[in-house]
Amino acid sequence: MLFKIQREQLLAPINQICGVVEKKGTLPILSHVLFSISQGELTLTTSDLEVEMNSKTQVDTEYEGELTLPAQKLLDICKSLADGSIMSFTIDDDHCDISSGESRFSLSTLSANEYPLLEDVETFETIHIDSQELARMLKQTLFCMASHDVRYFLNGLLFEILSDKIRCVSADGHRLALSEADYDNEAGINKQILIPRKGVMELNKMIRDIDQDIAIHLGKNHVSVEVEGTRMTSKLIDGKFPDYQSVIPLDMDNDFVANKVALEKALRRVAILSNEQYKGVKFKISTNHLQILGHNPDQEQAEDSIEVDTTITDMETAFNVNYLLDAINVIDHEDVQFSFKDPLSSCLIKHPDRLDCRLVVMPLRI
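Let me sum up the structure you'll find in this document. Here the structure is a predicted model, which means the values were calculated and not measured.

Digging into the sheet that holds strand β11 (residues 165-171)
Ordered by their spatial adjacency, nine strands build an open sheet running β13-β10-β11-β12-β25-β24-β23-β17-β21, and the pairing between neighbours is antiparallel. Every interior strand has two partners, whereas the edge strands, β13 (191-196) and β21 (309-310), have only one. Relative to β11, strand β10 (residues 156-161) runs antiparallel, the two sharing four bridges. Looking at β11, one finds that Ile 161 is bridged to Ile 166. Here helix α3 (residues 131-139) sits on the sheet and contacts β10, β11 and β12 (175-182); the angle it forms with β12, its principal contact strand, is near 165 degrees.

Following this line, the structure appears as structure tokens:
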């Protein structure tokens, strides 16, 4: 017998690190989780060659060594067993037998020596940040990251440390999101790093339910974060993020403030009959009034109106409705402000009284 472990003691770390596992990868071993057992401690590791995660837990064993097991199948087995179950693991040639009560499973294994671990990562700088602040910044920016864009530097998130702030920025070519928090930069760190999309998503999962200071370790080509026994190490995107400051519109003379819930409901109603490809909706803004219109190639149309606080007397512009909904949903206030330079300019969406979260959406021509 290799070891025994309580079901919950294995389920929690497996569930935490399984998001990295490649489901359709070219290397079969990347669909496995690496078990490393030493001195009664079990280290579980998953990787996709870009992001590596590991988590540690105690096990009842005198065995020391390594093996791999199919990650998703193991997770499904853990979920299927009753609470409090004891799981026993035994090696049988190229299979690992798992027993719990009357349940028996036999999983194939692959050579642990072939598991592609990241080399020892040297970190040079460490910053500390409140997990809730970081979770807020990620929530307000991660939805703008591109996916599989040929402009590879957009397939991730810019993490920037300034003299007095930490800032997260993402963009996909049609919209941009920026969120920042005050930071006491005693070490004088001035740095930009580009974290790939999967690393950002896994970091968000790690911190969304905790409330504590966390350490982020910065290396030349990697970033590493450890939270409650789970460690994520991600390679960095080797590229330069665009000059995002030039994208944020300035000198905006036109704006309106709307109730967020009322605006969201009106946008969702009009979106039902908007063009399925472009999802465009038109804004007609007049004194204290916003009319939202949508139509599609089947000559169907929808319109809705809400009251807004504005001095605009007559303006028409248009946007992708999904981009607008994504943006207003991350504004942490009952009201949201839209600002424009002119009808053909991009739109700045933000809290009516703060600048810690700014979202930019490009207009459509419809």
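Side note on the packing of α3 against helix α4 (residues 197-207)
Helix packing for two helices is described by the angle between their axes and how far apart those axes are. The interhelical angle for the contact between α3 and α4, taken along N-to-C directions, is 140 degrees, at an axis separation of 10 Å. Considered as vectors, α3 and α4 are oriented oblique to each other. Between α3 and α4 the crossing geometry is left-handed. In contact with Ser 131, Leu 134, Ala 135 and Leu 138 of α3, α4 contributes Val 200, Leu 203, Asn 204 and Ile 207. When grouped by side-chain class, the residues that make up the contact of α3 with α4 number six nonpolar, two polar and no charged.

Quick word on the packing of aromatic side chains
Across all of its chains, the model carries ten aromatic pairs by this definition. Their ring planes at 15 degrees and their centres at 4.5 Å tell us that Phe 3 and Phe 89 sit as a pair that is stacked. In this pair, Phe 3 sits in strand β1 (residues 3-6) while Phe 89 sits in strand β6 (residues 86-92), placing the two residues 86 residues apart along the sequence. Pair check on accessibility: Phe 3 and Phe 89 agree, each one buried. An aromatic cluster is built from Phe 256, Phe 283, Phe 319, Phe 338 and Phe 340, whose rings are joined through pairwise contacts.

A short note on the pairing of strand β18 (residues 280-286)
One face of the sheet, then the other: side chains in a regular strand alternate in exactly this way. One ladder, built from six bridges, connects β18 with strand β22 (residues 315-320); its direction is antiparallel. Within the sheet, the bridge partner assigned to Ile 285 lies in β22 and is Met 315. Where β18 and strand β19 (residues 289-295) come together, five bridges link them in antiparallel fashion. Each bridged residue has a counterpart across the sheet, and for Ile 285 the counterpart in β19 is Leu 290. Linking β18 back to β19 in an antiparallel pair, the connection comprises two residues, with Asn 288 at a positive phi of about 55 degrees.

Thoughts on the environment of Glu 316
Residue position: Glu 316 is located in strand β22. Placed 253 residues apart in sequence, Glu 316 and Tyr 63 show a C-alpha to C-alpha distance of 71 Å. With residues up to four places along the chain from it excluded, the contact list for Glu 316 reads Lys 282, Phe 283, Lys 284 and Pro 343.

A few points about the pattern of salt bridges
Pairing is possible between side chains of opposite charge, provided their charged atoms come close. What the rule picks out here adds up to 20 salt bridges. Here Lys 198 and Glu 22 are joined by a salt bridge, their closest N and O atoms 3.0 Å apart. With Lys 198 in helix α4 and Glu 22 in the loop between α1 (7-17) and β2 (32-38), the pair connects residues that are 176 residues apart, well separated along the chain. By relative accessible area, which is 25% here, Glu 22 ends up partly exposed.

Some points on the nonpolar core
Counting residues in each nonpolar core, the largest one holds 62 residues, and the members touching the most others are Leu 10, Phe 35, Leu 74, Phe 89, Leu 134, Phe 159 and Ile 207. Looking at this core, the element that brings in the most residues is helix α2 (residues 71-80), giving five residues. If we skip the residues at most four places from it in the chain, Ile 207 touches Ser 131, Leu 134, Ala 135, Leu 138, Ile 214 and Val 227. The next biggest cluster of nonpolar side chains, apart from the first, holds 37 residues, and it includes Ala 177, Leu 267, Val 308 and Ala 327.

Basis of the calculations
Residues numbered from 1 in each chain as written. Predicted model: local features only at pLDDT ≥ 70, side-chain atom pairs only at ≥ 80, totals over all residues. Heavy atoms only, no water. Pairing = 2+ DSSP bridges. Helix = DSSP H or I, 4+ residues; strand = E, 2+ residues; numbered from the N terminus. Contact = heavy atoms within 4.5 Å. Axes fitted to C-alpha atoms, helices over the stretch in contact; angles between N-to-C directions. Parallel < 35°, antiparallel > 145°, perpendicular 65-115°, else oblique. Left-handed = near helix turned anticlockwise from the far one by under 90°. Nonpolar A, V, L, I, M, F, W, Y, C, P; charged D, E, K, R; others polar. Phe/Tyr/Trp six-rings, centres within 6.5 Å; stacked < 30°, edge-to-face > 60°. Buried < 20%, exposed > 50% of the residue type's maximum accessible area, 1.4 Å probe, protein only. Salt bridge = Lys/Arg side-chain N within 4 Å of Asp/Glu carboxyl O. Core = buried A, V, L, I, M, F, W, Y, C linked by side-chain atoms within 4.5 Å.

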